[in-house]
Structure formats: C-alpha cells, structure tokens
Amino acid sequence: MFVGRQREMGELKACLEDAVSGRGRLVTLVGEPGIGKTRTAQELATYAGLRSAQVLWGRCYEEQGMPPYWPWVLAIRSYVRGHEPDQLHSEMGAGAADIAEVMSEVRERLPDLKPPPQLESPEQARFRLAQRHKWRPMPLEYV
Ligand SMILES: Nc1ncnc2c1ncn2[C@@H]1O[C@H](COP(=O)(O)OP(=O)(O)OP(=O)(O)O)[C@@H](O)[C@H]1O
Ligand SMILES: [Mg+2]
C-alpha cells in the first residue's frame with residue numbers, strides 16, 4: 001500500500017509527462033533516511049510502466065571507489081544490452097557520443113561515433129557534459 005504523497009506524485013507525474021513529450025527532466029528526491037524516497041521512485045516507475053514509458057534503474061551507495069556516473073552507467077547498460085545498434089542509433093541520436101563518454105559499451109556497439117575528447121580532467125568533462133545537456137536537477141524535498 002502506498003499512502004499520501006499526493007503533492008510529490010503530482011509533481012513527478014508532471015515531469016514524466018514532460019519527459020514523454022521530449023522535454024527531459026532530472027528530479028532529485030531529497031530527505032531523511034527512511035522518509036520514503038525509494039518507495040516514491042518505485043511508485044513512479046510503476047506508473048511510468050503503465051504509461052508505456054521505458055524505465056531503467058541505476059543504484060549506488062556512498063562508498064569509496066565508485067566509478068564516475070555509476071548509477072547512470074547501470075541504467076544505460078541494461079538499455080544498451082537489450083537493443084540492436086540500429087535502434088540505439090535512432091533513439092540516442094546526437095546524444096550517443098556523449099553517452100559513450102560515460103559508458104564505453106555504447107562505443108563498442110556503435111563504433112562509428114566520433115572519438116572522445118582528450119586532455120581533459122574529470123572535472124572539466126563533467127562540467128562540459130552538464131553544460132551541454134543543461135542538467136538542472138529539480139530537488140523535491142521530503143518532509
Ligand atoms: N508513502 C508510503 N506509503 C507506504 N509505505 C511507505 C511510504 N513511503 C515509504 N514507505 C515505507 O517506508 C519504508 C522506508 O521507505 P524508503 O525505503 O522508501 O525510504 P528512503 O527515503 O528511500 O530511505 P533511505 O534514505 O534510507 O534510502 C519502506 O518500507 C517503504 O515501503
Ligand atoms: Mg532509499
């Protein structure tokens with residue numbers, strides 16, 4: 001049973017509708033341990049599935065030695081493995097080269113992509129990627 005959280009679910013569903021119509025969104029659920037962030041994400045995933053959206057999961061915990069972009073890598077990996085190169089090309093479009101920077105498996109499946117930029121620090125690479133895609137997380141504060 002999922003109780004309450006109408007405001008949060010309303011905002012998340014609106015963001016999902018944006019995403020489905022081609023305006024990607026990034027939302028972060030922020031709050032105390034145990035307050036219901038993961039549960040809300042699962043609820044949204046169920047709703048998105050009913051809405052025929054493709055749902056991908058990535059996870060990570062606060063640990064030393066985690067590779068960069070790890071949750072994204074996990075999410076994209078399951079997607080990349082489950083699709084043919086033609087489909088990856090058409091669905092990722094111009095973003096494929098950027099995604100390949102974060103995940104080498106994309107480059108293995110799509111060898112024609114332009115080569116990754118050289119001579120950059122990880123901080124510079126992260127900045128460039130975030131700038132290009134205007135990643136502005138919308139925090140949804142849990143209380
Ligand atoms: N709206 C809700 N209705 C019913 N049960 C809920 C709801 N929100 C959370 N719970 C339950 O409360 C428990 C803790 O929730 P959850 O794991 O989602 O918290 P969390 O914010 O992700 O915690 P953490 O920060 O530790 O990851 C779970 O058993 C979950 O099923
Ligand atoms: Mg959690």
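Reading guide: rules and limits
Residues numbered from 1 in each chain as written. Chains lettered and ligands numbered in written order. Predicted model: local features only at pLDDT ≥ 70, side-chain atom pairs only at ≥ 80, totals over all residues. Near = placed C-beta within 6 Å. Nonpolar A, V, L, I, M, F, W, Y, C, P; charged D, E, K, R; others polar. Domains from an automatic or database assignment. Core = buried A, V, L, I, M, F, W, Y, C linked by C-beta atoms within 7 Å. Buried ≥ 20, exposed ≤ 12 C-beta atoms within 10 Å, placed from the backbone. Helix = DSSP H or I, 4+ residues; strand = E, 2+ residues; numbered from the N terminus.

Asker: Help me out: how do you make sense of the site of ligand 1 in this one?
Answerer: Lining the immediate environment of ligand 1, one finds Met1, Phe2, Val3, Gly4, Arg5, Pro33, Gly34, Ile35, Gly36, Lys37, Thr38 and Arg39. Of the residues belonging to the shell around ligand 1, the class tally is five nonpolar, four polar and three charged.

Asker: I would appreciate a short explanation of the domain arrangement of the chain in the present structure.
Answerer: Reports of interface size often rely on the accessible area that becomes lost once the parts have come together. In terms of domains, the chain is made up of domain 1 (1–55 + 134–143) and domain 2 (57–112). For domain 1 and domain 2, the distance between their C-alpha centroids amounts to 22 Å.

Asker: Teacher, can you tell me more about the nonpolar core here?
Answerer: Where a protein is soluble and globular, its nonpolar side chains tend to be buried together. Listed in full, the six residues of the largest apolar core are Ile76, Val80, Met92, Ile99, Ala100 and Val106. Contributions of two or more residues to this core are made by helix H3 (70–81) and helix H5 (96–102).

Asker: How should unusual backbone geometry be read in this particular structure?
Answerer: The phi torsion of most residues other than glycine is negative, and most of the peptide bonds are trans. The phi dihedral of Arg5 falls on the positive side, at around 60°, and the residue is not glycine. On the secondary structure map, Arg5 appears in the segment before helix H1 (6–20). Judged by C-beta crowding, with 14 C-beta atoms within 10 Å, Arg5 ranks as partly exposed. A positive phi angle is found at Ser52, which is not glycine, with a value near 65°. Take Ser52: it is sitting in the loop between helix H2 (37–50) and H3. Judged by the 7 C-beta atoms lying within 10 Å of it, Ser52 falls in the exposed class.

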